[in-house]
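Tertiary structure, described
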Amino acid sequence: MKLKPIFEKLSDEMSLELENILEFWSAKTIDKQAGGFVGQVDQDGTIDFKASKGVVLNARLLWTFSAAYRIIGSEKLESLANRAYEYLLNYAWDKENGGLYWELDYEGNPVNTRKQAYAQGFGIYALSEYYMATGNSESLEYAKKLYSILENHFLDVENGGYIEALDKDWKPMADMRLSEKDANFPKSMNTHLHILEPYTNLYRVWKTDELKSKIAHILDVFQNRIINPETGHFTLFFEMDWTRRCDIVSYGHDIEGAWLLHEAAHEIEDAERIKTIQKSALRLVNVTLNEGTDTDGSLFYERDGEHLVSDKHWWPQAEAMVGLMDAWEISGEKKYLDEIVRVWEFIKENIIDYENGEWFGRVDRKNEPVQSEDKVGFWKCPYHNTRAMIEMMNRIQKALEQNSFVED
């Protein structure tokens, strides 16, 4: 099999798909009535203009348009990034206490004023990306403010790591869950992953020793607390003292986390942590391949004990490609490249909605789209698939330049 032409073609296809994804979000989601972007679009493209607006969705839109503008450079993308930036700060920012609210109504009024660490993290991710795209120094200052909020209010000084949520003026909350499907515990893998990710992005433009030490701290939390040494999977929920409280395996998070951990270790240029993280990353990818993939190469959603949730959600497929590419870059093993091709074929055949645009939220075991899923929603966003296209295009280009695709 000739790898070079296969991956040249794959990169070209992903470049086109990136344009298609961006076109959907720019054409279908602008809220001309109330400002910003609409909060919900169903499977067939029907817009609910009165749907509430999740702050995580809006932060991810800011990241997406900023990241795309950085590589494409069109005035249209710049305008969309500016729109997302202005909406986030004008409506989602708590002007009294600081930080980002969790949810707004369709007119931009806060309806859930809780402060999730997860949301503050995505604010940092988006604002630092917007700064890199536009040079707007105000956005970097807001990213630094959110960093200070996480360190001053959410950091667990005694046990390490970060707690899940506080109320609007930083008082403790009984219910700290991200969503109704999550368990109610004070610490989670998901929140730590999405604090590490924005801290890494912030470090690209704000290289302080303190921030570097915080990234190293989170990497150690993953190595010593979150990765289960017996299974190689992430544990999802914990007590304050890091007692494990969940046996559910999230295949998408395992393979996404693998490359995000490796990225963070490289960004802070920590040689020892790079070595240990590479071992953990390969194990996360390998257990996902061994336990969480279907015969066609697609990723199942999760496993709870003996119960397999066999639906195929859009975002684990996107993250799988980047995780597999990263595993190949670490190991040089061709099997990971083969799996990338299989996942991409599955995405093209079953996940991309060629009729109504964007990607289906999930398909069932028979690869039929689940009609109840949104195209745009509180959690359905362009961040996973846009980022996967960008990451894969960049990594393939680098491999082509270095002549890394050895023919066999």
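These notes cover the structure that comes with them. (Residues numbered from 1 in each chain as written. Predicted model: local features only at pLDDT ≥ 70, side-chain atom pairs only at ≥ 80, totals over all residues. Heavy atoms only, no water.)

With respect to the layout of surface pockets
- In this model, the largest pocket occupies a volume close to 940 Å³.
- For the largest pocket, the lining is made up of 36 residues, of which Ser 179, Lys 181, Tyr 301, Trp 315 and Trp 379 are closest to its centre.
- The set of elements that each furnish at least two residues to the lining of the largest pocket consists of helix H6 (189–203), helix H8 (251–267) and helix H10 (314–331).
- Ranked by residue count, the leading element in the lining of the largest pocket is H6, at three residues.
- Partitioned by chemical class, the residues of the lining of the largest pocket number 14 nonpolar, 10 polar and 12 charged.
- Its boundaries defined by the atoms lining it, the second largest pocket holds a volume of some 720 Å³. (1 Å grid on protein atoms, 1.4 Å probe; cavity = no way out; pocket = protein on both sides within 12 Å on 5 of 7 lines; lining within 4 Å. Points joined across faces, edges and corners; volume = space filled by probe spheres on them. Helix = DSSP H or I, 4+ residues; strand = E, 2+ residues; numbered from the N terminus. Nonpolar A, V, L, I, M, F, W, Y, C, P; charged D, E, K, R; others polar.)

Details of the sheet that holds strand E8 (residues 249–250)
- Strand order in the open sheet made by the three strands is E8-E9-E10, with antiparallel pairing throughout. In the strand order of this sheet, the two ends are held by E8 and strand E10 (307–309), each with one partner.
- Relative to E10, strand E9 (residues 302–304) is paired through three bridges, and the arrangement is antiparallel. If you follow Asp 304 over to E10, its bridge partner there is His 307. (Pairing = 2+ DSSP bridges.)

Honestly, that's just the spatial picture; any functional story needs more than this.
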